[in-house]
Each structure stands twice: as C-alpha cells, then as structure tokens.
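# Architecture at a glance
Letter by letter, the chains look like this.
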Amino acid sequence: MAKENLTAARLRELLHYDPDTGVFTWNVRAAPHRPSGSLAGSLHYEGYLRIKIEKREYLAHRLSFLYMGGAWPRNQVDHMDGNRANNRWSNLRDVTPAGNMQNIRVARPLSSVGLLGVTRQSGRFVARIRVGSDRKYLGRFDTAEEAHAAYVEAKRRFHPYNTL
C-alpha cells in the first residue's frame, strides 16, 4: 500500500463517500473511463476495495476514516461483519491488531476441521482459544460441532471485539 499522505480536504474534493452505503463516487472526472459520478475503486482478490488516487492505491475502508473523521485510522480497520467489501461507516472500527484478530469469523483455509478453534486429536475434537499470549484449553469433545460451540462461548466471554 502507498504511504498515506492524502489529506481529508483533497479526498473530499475528489470523492464523495456515502456512509450509509459505504460507496465512494468520483466528484471529478478521474480518467476518460471514470467520469464524475461513477463508482470509485475495484475489488482486490483479497476482498478489499482499492481506490487509485493520483497514481497511488488506497484501501477504501481506510479512506472512510479519513473522509469521516479528517484523519487516518490509528490502527487497523475492522469490518465488524467480516465482509471486507462492506465499507458502511457503521460496519467499520479502528482497532489494534489484537482486537482485529479477535473478530476472525471463519477457520483458516488449511484448517483440517474447518471450524474456528477446533482441532482433531486422537479421534476426538479439542477446543482451544488464545487470550492475550495464553492458549486456554476448553475441552475434548466427541463432535467438531460441540468443540466449536465451546469455542464460540469462550470467544464471546474473552474477546471483547468479537462479533459472533
């Protein structure tokens, strides 16, 4: 990502942001194929909307903070519903990297079980959760669903930024 040296005033000259929809549109003709009023940005393969402004790419969710508050977010921007393309103002919050990690909603693609917080061990399913630097053992279960339910319950108790 480009160094974020764009100002809020310049951003507002170039783009309009609708906080209710999360959509950016051009106030100016940005290019021959981008007339005033057209949608700004394109979806990146990771699911984030990127907008090119004056030869630099910016993430739309970060631009939302600059547009609405006049300053770049201090930390990471969390999409509370887990949808990286949903840039509605009510869906975004400035959180620490640890807070952002607390809002992970799905297991990693290489997970052998496919459920957050669950691993298979000796034919049964184990639930664990990370709280700060500690990993808490939540129990051993007969089914992956039972282990996942224990994980979700613990997540609601220990992760204040969680939205499950």
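Residues numbered from 1 in each chain as written. Predicted model: local features only at pLDDT ≥ 70, side-chain atom pairs only at ≥ 80, totals over all residues. Heavy atoms only, no water.

### Observations concerning the nonpolar core
- One finds L6, L11, L15, F24, I51, I53 and L63 to be the most contacted residues of the largest nonpolar core, which totals 21 residues.
- At 5 residues, the largest contribution of residues to this core is made by helix α2 (residues 60-69).
- If near-sequence neighbours (up to four positions away) are discounted, I53 is found in contact with L6, L11, L14, L15, W26, Y58 and L63.
- Grouped together as the second largest cluster of nonpolar side chains are 7 residues, V118, A127, A144 and A147 included. (Core = buried A, V, L, I, M, F, W, Y, C linked by side-chain atoms within 4.5 Å. Buried < 20%, exposed > 50% of the residue type's maximum accessible area, 1.4 Å probe, protein only. Helix = DSSP H or I, 4+ residues; strand = E, 2+ residues; numbered from the N terminus. Contact = heavy atoms within 4.5 Å.)

### Side note on unusual backbone geometry
- For K55, which is not a glycine, the phi torsion comes out positive at approximately 70°.
- Its location among the elements puts K55 in the loop between β4 (49-53) and β5 (56-59).
- What makes K55 exposed here is its relative accessible area of 79%.

### Topic: the pattern of salt bridges
- Scanning all chains against the criterion turns up 6 salt bridges.
- The salt bridge involving E54 is made with R10; its shortest N-O contact spans 2.5 Å. Of this pair, E54 sits in the loop between β4 and β5 while R10 is found in helix α1 (residues 8-14), placing the two residues 44 residues apart along the sequence.
- We classify R10 as partly exposed; its relative accessible area is 30%.
- Connected through salt bridges with shared partners, the residues R10, E13 and E54 form a single ionic network. (Salt bridge = Lys/Arg side-chain N within 4 Å of Asp/Glu carboxyl O.)

### Quick notes on the sheet that holds strand β3 (residues 42-43)
- What the 3 strands build is an open sheet, ordered β3-β4-β5; its pairing is antiparallel. Looking along the sheet, the strands with just one partner apiece sit at the ends: β3 and β5. (Pairing = 2+ DSSP bridges.)

### So, the layout of surface pockets
- Estimates place the volume of the largest pocket at around 1200 Å³.
- Lining the largest pocket are 38 residues, with M101, I104, V106, R108 and L116 positioned closest to its centre.
- Counting only elements with at least two residues in the lining of the largest pocket, the list comes to α2, β6 (76-79), α3 (97-102), β8 (118-121), β9 (124-131) and α4 (144-158).
- The element best represented in the lining of the largest pocket is β9, accounting for 5 residues.
- When its residues are assigned to classes, the lining of the largest pocket shows 16 nonpolar, 13 polar and 9 charged.
- Its volume calculated, the second largest pocket comes out at about 150 Å³.
- Considering the residues around the second largest pocket, the lining is formed by W26, R34, L39, G41, S42, L43, H44, R50, I51, K52 and E57.
- Listing elements by their share of the lining of the second largest pocket, those giving two or more residues are β3 and β4. (1 Å grid on protein atoms, 1.4 Å probe; cavity = no way out; pocket = protein on both sides within 12 Å on 5 of 7 lines; lining within 4 Å. Points joined across faces, edges and corners; volume = space filled by probe spheres on them. Nonpolar A, V, L, I, M, F, W, Y, C, P; charged D, E, K, R; others polar.)

### Considerations on the sheet that holds strand β10 (residues 134-141)
- Spatially, the 3 strands line up as an open sheet ordered β8-β9-β10, and their pairing is antiparallel. Whereas interior strands pair on both sides, the edge strands pair on one side only; in this sheet they are β8 and β10. Along the sheet, successive strands turn relative to each other by an average axial angle of 30°, direction set aside.
- Sheet analysis places β8 next to β9, joined by 4 bridges and oriented antiparallel. Paired with V118 across the strands is A127, a residue of β9. (Axes fitted to C-alpha atoms, helices over the stretch in contact; angles between N-to-C directions.)

### Some words on the packing of aromatic side chains
- Here the structure, examined in full by the defined rule, presents 5 aromatic pairs.
- Seen from their ring centres, F24 and Y67 are 6.3 Å apart, and the 85° between their planes marks the pair as edge-to-face. Placement of the pair is F24 in strand β2 (residues 23-26) and Y67 in helix α2, with a sequence separation of 43 residues. Per residue, the accessibility class of F24 equals that of Y67, and both read buried.
- Grouping aromatic residues by their ring pairs yields a cluster made of Y17, F24 and Y67. (Phe/Tyr/Trp six-rings, centres within 6.5 Å; stacked < 30°, edge-to-face > 60°.)

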